[in-house]
Amino acid sequence: MIVSMQDKGEALLSKCSKGFKSLVRRKQVDSVHVRREGHQLARKLTALDLTAIGVGTTIGAGVYVLVGTVAREHTGPALTVSFLIAGLAAALSAFCYAELASRCPSAGSAYHYTYICIGESVAWLIGWSLFLEYTIGGAAIARGISPNIALFLGGEGNLPAFLVRHTIPQLGVVVDPCAAILVLIVTFLLCAGIKESSLVQTIVTTLNVCALLFIIVAGGYLACKTGWVGYELHGGFFPFGLNGMLAGSAIVFFSYIGFDAVTGAAEETKRPLRDLPLGIGMTLTLCCILYMLVSVVIVGLVPYYALNPDTPISSAFSANGMQWAAYIVTAGAVTALCASLMGSLLPQPRLLMAMARDGLLPAFFSDISTRTHVPVKSTVTTGMLAAVLAFFMDVSELSGMVSVGTLLAFTVVAISILILRYAPPEEVPLPSSLQQFIDSVRKQLDDDSQSMERKEFNDVDIVEQSPSQSDHGEASIQYPLIEKQFSEDKQNPQRRRNIAVWNIALFCIGVLVLTSAASAEYLPSLVRFSLGTVGAAILLCSLVVLACLNQDEARHSFGHTGGFLCPFVPFLPAACILINAYLLMSLGVGTWIRVSIWLIMGALVYISYGWRHSSLTNAVYVPMAYLDHIYRASSSHQV
């Protein structure tokens, strides 16, 4: 009876252990070994195309509204500095994205990187969050285009009747046909091919940039004529103090969200090792410069307290006798929204395609058109969903959930950089169909290893019998302390990896405790201070240990080598994790409740479908050193 109970306990423990391992199983970096017939996208994009996608996605209509609200309530004339600080904070994530994009240039962006470096369950939640972000983001952008089009045409009365918003009396729902039609048009363009859609994106983005350049040049000319009155104030450059400027930086940080759309098109890039980091860098640099120049001009034209929070740029020009400039500003807002809409809908079908390839979603989403070489089925599905949302729902209340998806992605990408540098995956999954080749190669390499050990043992015997070598202090097994040191040196890499993994986990715990204490204003001051102190101590100690550890040598052969490398590791990814975690904690309880409901739904979908159908369910994990031998053996057998 006791033996039976013990056996059942061991079986249960074995099942739990197997279930946990399946949650953290990691996939292989897509490489030349991975062949997917009928699942390849067309590589047609250049660094310029990627920059157009990134700039178009990043610079939305927010810049036409955000500058007024932030300047009036938080920064004053220091708005430019806030944009600069936010741009530098966004650059931390951009550096991390650039390395992972060049090492793992496949569709899926942050989902793909998380699956490789952290594990399947976390990757699923990131992909599920990004799916929500792209859907709500696209619908919200589309709902914002129709009012700007109506404003450009002189009011809603000038719009065709079938495009005008109207309310369904029985439901009290305001429907927006114009938004839904715009989403469907963009969906059609995306189905036409990546080169065709990127060409349209480039044209629309160019028009948007030209509108911003007009604002900068014409506004600068007017400001020079009026003497830059916005800066001649008694409150000085920082009327709200340093805290106000930093609060403004936290708000305008979200205007940089969008550069990660570049990595969504990684699999369609001609030269990913060069073009992906270049596209990310050019996107962020250009956006930061444009934001700063626009803010310099607008805050200089009109005193910050006189800016209209809804139409700051148009009102600034009108105050200086240029009412006609409002048409150019409105046209810029429309083109900015259209470019952002395309950028939001572009990565979503590629994300679904990547998840379907891995078996976490039905294979329907992984189909690629043989004519246009794009995932047409995924594109149509996501486009229809976004169009329905844009038609029926006012998603402004859900816009905070967009920020959660992006910030979660930024955070796990930075964590992935730390894992890649200090504890990269030692084993890779291979399909069970290669089992015979795996066994053959493993046996051959083990035999070779034993032969080598016997040879080394014989060499040691020779060394022991040679007095001339012993006189020179050569190592021999008659010195047990030296033998012990050799044994410890062989174990050092694994011990160093374990220390690194634990300290990465402790660092994340410290960040969570510190940021939670900093944002929990409802707690007593003493409790917040105590929690913050504990979190800061854990954070700093773990970071110091990571800084003192040597990075793993296996990082050099991980993924595609020769691309961009993130500098200042571990400090740069650590700063990125800390900033993004603080912003996540500051989003509010209501947003987190809605996000939690969505993540719970995602967990249920994963448990009921993705976990059971994952392509790694029956995978065989082998050491990285065996990989080339196994593929050579399988290739020679096929020949």
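Coordinates for the structure precede this section.
The rules behind the values
Residues numbered from 1 in each chain as written. Predicted model: local features only at pLDDT ≥ 70, side-chain atom pairs only at ≥ 80, totals over all residues. Heavy atoms only, no water. Axes fitted to C-alpha atoms, helices over the stretch in contact; angles between N-to-C directions. Helix = DSSP H or I, 4+ residues; strand = E, 2+ residues; numbered from the N terminus. Parallel < 35°, antiparallel > 145°, perpendicular 65-115°, else oblique. Left-handed = near helix turned anticlockwise from the far one by under 90°. Contact = heavy atoms within 4.5 Å. Nonpolar A, V, L, I, M, F, W, Y, C, P; charged D, E, K, R; others polar. Core = buried A, V, L, I, M, F, W, Y, C linked by side-chain atoms within 4.5 Å. Buried < 20%, exposed > 50% of the residue type's maximum accessible area, 1.4 Å probe, protein only. Pairing = 2+ DSSP bridges. Phe/Tyr/Trp six-rings, centres within 6.5 Å; stacked < 30°, edge-to-face > 60°. Polar contact = N/O pair within 3.5 Å; in protein donor to acceptor, adjacent residues only side chain to side chain. Expected span 1.5 Å × (residues − 1). Disulfide = S-S within 2.5 Å.

1. Section: the packing of helix H11 (residues 272-301) against helix H12 (residues 312-319)
Where H11 contacts H12, the two axes come as close as 9 Å, and the packing angle between them is 45 degrees. The pairing of H11 with H12 is recorded here as oblique in orientation. H12 is crossed by H11, and the crossing has left-handed handedness. Of H12, the residues touching H11 (which contributes Val294, Ile298 and Leu301) are Pro312, Ile313 and Ala316. Per-class residue counts for the contact of H11 with H12 are six nonpolar, no polar and no charged.

2. Re the nonpolar core
Tyr64, Tyr97, Ile215, Ile298, Ile313 and Leu341 are the most contacted members of the largest nonpolar core, which has 151 residues in total. Not counting the four nearest positions on each side in its chain, isoleucine 215 is found in contact with Tyr64, Gly220, Val294, Val297, Ile298, Ile313, Phe317 and Val329. Counting residues in each nonpolar core, the second largest holds twelve residues, with Phe437, Ile438, Val441 and Val620 among its members.

3. Overview of the pairing of strand E4 (residues 620-623)
Regular strands place side chains that alternate from one sheet face to the opposite one. Burial along E4 is one-sided: the face carrying Val620 and Val622 is buried and the face carrying Tyr621 and Pro623 is not. Two strands pair when backbone bridges link them, and strand E3 (residues 427-430) and E4 are joined in this way by four bridges, in the antiparallel orientation. Residue pairing across strands places proline 429 opposite tyrosine 621, the latter belonging to E4.

4. Focus: the packing of aromatic side chains
In the structure shown here, the tally under the stated rule is 24 aromatic pairs. Plain terms: the ring middles of tyrosine 97 and tyrosine 113 are 6.4 Å apart, the flat faces sit at 75 degrees to each other, and that makes the pair edge-to-face. Here tyrosine 97 is found in helix H4 (residues 79-103), whereas its partner tyrosine 113 is found in helix H5 (residues 110-117), with 16 residues between them in sequence. For tyrosine 97, a relative accessible area of 0% gives the class buried. An aromatic cluster is present here, built from Tyr97, Tyr113, Phe253, Phe254, Phe259 and Phe410 joined pairwise through their rings.

5. What to know about the side chain of aspartate 275
Turning to its location among the elements, aspartate 275 is positioned in helix H11. Residue aspartate 275 is classed as buried on the basis of its relative accessible area, which comes to 0%. Of the polar contacts made by the side chain of aspartate 275, one reaches the side chain of arginine 274; its length is 2.8 Å.

6. Structural notes on the side chain of serine 378
Its place among the elements puts serine 378 in helix H15 (residues 376-392). In this structure serine 378 comes out as buried when scored by relative accessible area, which is 0%.

7. Details of helix H13 (residues 325-345)
In this model H13 runs 31 Å from its N-terminal to its C-terminal C-alpha over 21 residues, within 8% of the 30 Å that 1.5 Å per residue would give. H13 sits mainly inside the fold: 16 of its 21 residues count as buried.

8. Topic: the packing of H4 against helix H9 (residues 241-252)
At a closest axis distance of 8 Å, the pairing of H4 and H9 adopts a crossing angle of 55 degrees. Taken as axis vectors, H4 and H9 run oblique relative to one another. Considering only the axes of H4 and H9, their crossing is right-handed. Here Leu79, Val81, Ser82, Phe83, Ile85 and Ala86 of H4 come into contact with H9, specifically with Met245, Leu246, Gly248, Ser249 and Val252. For the contact of H4 with H9, the residue count by class is eight nonpolar, three polar and no charged.

9. Notes on unusual backbone geometry
Following valine 569, the chain continues into proline 570 via a peptide bond in cis, with omega recorded as 10 degrees. Tracing the backbone shows proline 570 in the loop between helix H20 (525-548) and helix H21 (571-585). With a phi close to 50 degrees, serine 109 is a non-glycine residue in the positive phi region. Inspection of the secondary structure assignment puts serine 109 in the loop between H4 and H5. Residue classification places serine 109 among the buried positions, given a relative accessible area of 4%. Its identity is not glycine, yet phenylalanine 568 carries a phi of approximately 55 degrees, on the positive side. Here phenylalanine 568 lies in the loop between H20 and H21. A relative accessible area of 65% means that phenylalanine 568 is categorised as exposed.

10. Topic: the state of the cysteines
Scanning all chains against the criterion turns up zero disulfides. Considering cysteine sulfurs only, cysteine 96 is the nearest to cysteine 566, which forms no disulfide, with 4.3 Å between them. The buried category is assigned to cysteine 566, whose relative accessible area is 3%.

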